[in-house]
Amino acid sequence: MHVAALREQIAVAPLPSPAPAAESSAIVRLLTCGSVDDGKSTLIGRMLWDATSIAEDQRAAIIHASQNRLQNGEKVDFSLLLDGLQAEREQGITIDIAWRYFETTHRRFVVIDAPGHEQYTRNMATGASHADVAILLVDARHGVKRQTRRHAAICDLVGIKSVVLAVNKMDLIDYSEATFRAIEAEFRSLAQSFNFCIVAIPVAALPGDNVVRSSSAMPWYGGPTLLDHLETLDVDTERRDAPFRMPVQLVLRHGDFRGYAGTVASGHIRPGDRIVDAGSGLGATVRRITTMDGNLTFAHKGDAVAVELDTDLDISRGAVLSEVQRRPINADVLEARLVWLAEAPFDPEAGYLLRTATDLTPVTSMSVSALIDFETLASTPAHACAANDIADCRILLGRPTSLDLFADLPATGNFILVSAVDGTTVAGGVISWAQAGAATVGDNVFVLDRELLLRGLCSDLGDSPADLAEFHRRAQEAAILLRSVGIPVLIEI
């Protein structure tokens, strides 16, 4: 059957093909989240179908593939535009994160379609960490669920400020304003402790109500459609006076050139600016900012550059270059909120490493103080956490590392925890408080220092790169064994 005839059958003719987005328009990273079967993939698929120039052959393929999946007279399964894995299509759910780029006449978007099942919370948290705005879907028939609350808490954890509460499937409750208002009021009440800017929109993804076109079935709603709101949303969340930060990824050496390569995490820098290595406090003046395409007169957040200084600093990967006046905290004691991602629960006797942008620091000890209750979204006292829990914790590090509070600078105020045994990621979190002082926590802390190791366990090692790597590996293994029998360990090597 011809594509035009198929369109007439489903009565969902697309809008005219949009003109290319303006070159100056910012890309918005858009997360869709919420409980399973609330219609996330269908909503975004519908928006793509109505507002973008999908090729004719792709439309025909989607319509054809929909015939064996749908019931009740439905003609197009819009989720097919997002659900890419074979298992997703077979089960009708989202498992992995689906990334999709599209643009309209006003803006470019990257859609991050997150899975709703609790067992895939890890994938959702990964997607949320990249997002500027979240569309949190709620099925109008069922209201706010436990997983809805969990996803809201994760959005808050990773610093998402703009949240669209999309109350979906309004067509299945006869477009009831009372039901929509009740769901909106419940969510706003639950989210009072979060720093969200919430816009609530009633939608029906399958027929397209308030997705791209305004709905005649809901005359009581006078707000924007979902697409209208997204096209006008201000997503520039970084303070204009944010301090300069650049974690060093690599030290480049070529002849007389010595440059410190990395991506600017916040703020900006120019030749002539004075900067410091946050860890050592050593300062220098920026002589040149260069890239593969040549020198720059200015670098700002997101730019990958190499910075040449007028004085060589004895620093390496893991250092953080900073402006002089507003520096990071060189901390070895942290308080943080994290989402536990590993299947195995938190084990206070296990070995963990804290990974920031370019640094990896051993964790001396860690304790949990509270968990988020997903019924009330309030903190409740606790001393353990398991998969998909959100916990408040205190972390002591084996040495200071340069970082910021997440509320001040998100780019350098977040971290992940990895297993010291196999390097797998076990948690991701944000820093709420930090200071130096772990080395003064008490005389009962066993100090595993370089001299001690060289006298015994590492006496056979030299100064070659391979021997130094083995030295660090043995130190970590010794610390894990000591912690496993209840001995707090501080590594100083």
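Just above, that's the structure.
Our subject in this report is the structure included herewith. Sequence positions are assigned chain by chain, starting from 1 and proceeding in written order. Only residues with pLDDT of at least 70 are given local features in this predicted model, and only at 80 or more are side-chain atom pairs given and counted; all residues enter the totals for whole chains, interfaces and linings. Side-chain descriptors were evaluated using all non-hydrogen atoms of the structure, hydrogens and water having been removed beforehand.

Details of the side chain of Ser419
Helix numbering and strand numbering both begin at the N terminus, where a helix is a DSSP run of H or I of at least 4 residues and a strand a DSSP run of E of at least 2. On the secondary structure map, Ser419 appears in strand S21 (residues 414-419). Only protein chains enter the area calculation, which uses a 1.4 Å probe; residues under 20% of their type maximum are buried, those over 50% are exposed, and those in between are partly exposed. When its relative accessible area of 13% is taken as the criterion, Ser419 is described as buried. Apart from the residues lying within four places of it in its own chain, the contact partners of Ser419 are Gly351, Tyr352, Thr424 and Val426. Any two residues having at least one pair of non-hydrogen atoms within 4.5 Å are treated as being in contact.

Comments concerning the packing of aromatic side chains
Between the rings of Phe, Tyr and Trp (Trp by its six-membered ring), a pair exists once the centres lie within 6.5 Å; its type follows the angle of the planes, with under 30 degrees stacked, over 60 edge-to-face, and the other angles tilted. Following the criterion strictly, the structure yields six aromatic pairs and no others. Aromatic side chains Phe180 and Trp220 sit 5.7 Å apart centroid to centroid with 40° between the ring planes, which places their arrangement in the tilted category. With a gap of 40 residues between them, Phe180 in helix H7 (residues 177-190) and Trp220 in the loop between strand S6 (197-202) and helix H8 (226-232) connect regions that are remote in the sequence. Assessed through its relative accessible area of 22%, Trp220 is described here as partly exposed. Considering the side-chain rings of Phe346 and Tyr352, the 6.2 Å spacing of their centres and the 25° angle between planes classify their relative orientation as stacked. For Phe346, a relative accessible area of 8% corresponds to the buried category. One aromatic cluster is present, formed by Trp340, Phe346 and Tyr352 through successive ring pairs. Note on criteria: charge over ring means Lys NZ or Arg CZ within 6 Å of the ring centre, with the direction from the centre no more than 35 degrees off the ring normal. Over the aromatic face of Phe374 sits the side chain of Arg150, whose NZ or CZ is 4.3 Å from the ring centroid. Residue placement shows Arg450 over the ring face of Phe471; its charged tip is 4.6 Å from the ring centre.

Overview of the environment of Leu48
Summarising the element assignment, Leu48 is placed in helix H2 (residues 40-51). Residue classification places Leu48 among the buried residues on the basis of a relative accessible area of 1%. Linking Leu48 and Val211, residues 163 residues apart in sequence, is a C-alpha distance of 10.0 Å.

Observations regarding the pairing of strand S8 (residues 257-263)
With six of seven residues buried, S8 is to be regarded as a mostly interior element. As judged from the six bridges shared by strand S7 (residues 245-254) and S8, these two strands associate in the antiparallel manner. Bridging from a neighbouring strand, His254 pairs with Phe257 of S8. Pairing analysis gives five bridges linking S8 to strand S14 (residues 304-309), with the strands arranged antiparallel. Bridge pairing links Gly259 to Glu308 in S14. The rule for pairing is simple: two strands pair if DSSP sees at least two bridges between them.

Considerations on the nonpolar core
Each nonpolar core is a collection of buried residues, namely Ala, Val, Leu, Ile, Met, Phe, Trp, Tyr and Cys, held together in the definition by side-chain atoms within 4.5 Å. Ranked by size, the top nonpolar core spans 78 residues in total, and within it Leu31, Leu43, Met47 and Ile135 carry the most contacts. Discounting residues that sit within four places of it in the chain, Ile135 has contacts with Leu30, Leu31, Thr32, Cys33, Leu43, Ile44, Val164, Ala166, Leu226 and Leu230. Among the nonpolar cores identified, the runner-up in size contains 26 residues, and Ala331, Cys385, Ala391 and Val426 belong to it.

Some thoughts on the pattern of salt bridges
A carboxyl oxygen of Asp or Glu within 4 Å of a side-chain nitrogen of Lys or Arg is what we treat as a salt bridge. Here the structure, examined in full by the defined rule, presents 24 salt bridges. Taking the shortest distance from any N to any O, the salt bridge between Glu375 and Arg146 comes out at 3.4 Å. Of this pair, Glu375 sits in the loop between strand S18 (360-372) and strand S19 (379-381) while Arg146 is found in helix H6 (residues 146-157), placing the two residues 229 residues apart along the sequence. Looking at Glu375, the relative accessible area reads 41%, which means it is partly exposed. Given the relative accessible area of 39%, Arg146 is considered partly exposed. Across the pair Arg188 and Glu184 runs a salt bridge whose closest N-O atoms are separated by 3.1 Å.

Quick word on H6
The end-to-end C-alpha distance of H6, which contains 12 residues, comes to 17 Å, matching closely the 16 Å that a straight helix rising 1.5 Å per residue would cover. All buried positions along H6 are accounted for by Gln147, Thr148, Arg149, Arg150, His151, Ala152, Ala153, Ile154, Cys155 and Leu157. Two residues or fewer after H6 comes Gly159, characterised by a positive phi angle close to 90°. Multiplying one less than the number of residues by 1.5 Å gives the expected span of a helix.

A look at the side chain of Arg46
By the element assignment, Arg46 lies in helix H2. N or O atoms closer than or at 3.5 Å make up a polar contact, with two conditions inside protein: a donor-capable atom paired with an acceptor-capable one, and, for residues adjacent in sequence, both atoms drawn from side chains. Within the structure, the side chain of Arg46 is placed 2.6 Å from the backbone oxygen of Leu206, a separation counted as a polar contact.

A short note on the environment of Ala378
By the element assignment, Ala378 lies in the loop between S18 and S19. A sequence separation of 188 residues divides Ala378 from Leu190, and the C-alpha atoms of the two residues are 9.0 Å apart. Excluding residues within four positions of it along the chain, Ala378 makes contact with Leu371, Ile372 and Asp373.

Some remarks on the packing of helix H5 (residues 121-128) against H6
Note on method: axes are straight lines fitted to C-alpha atoms, helices fitted across the in-contact stretch only, with angles between N-to-C directions ranging 0 to 180 degrees. At their nearest, the axes of H5 and H6 sit 10 Å apart, and the two run at 35° to each other. The chirality of how H5 crosses H6 is right-handed. Every residue of H6 that contacts H5 at Thr121, Met124, Ala125 and Ala128 is listed here: Gln147, Arg150, His151, Ile154 and Cys155. Any residue that is not Ala, Val, Leu, Ile, Met, Phe, Trp, Tyr, Cys, Pro, Asp, Glu, Lys or Arg is counted as polar, Gly included; the first ten are nonpolar and the last four charged. Here the residues of the contact of H5 with H6 are counted per class, giving five nonpolar, three polar and one charged. Note on convention: near helix rotated counterclockwise from far helix by under a right angle means a left-handed crossing. Clockwise means right-handed.

Comments concerning unusual backbone geometry
Look at Lys169: it is not a glycine, yet its phi comes out positive at around 65°. Mapped onto the elements of the fold, Lys169 is located in the loop between strand S5 (162-168) and H7. Judged by relative accessible area, which is 18%, Lys169 ranks as buried. Of note in the backbone geometry, Leu377 takes a positive phi value of approximately 60° without being a glycine. Along the chain, Leu377 turns up in the loop between S18 and S19. Relative accessible area serves as the criterion here: at 7%, Leu377 is assigned to the buried category.

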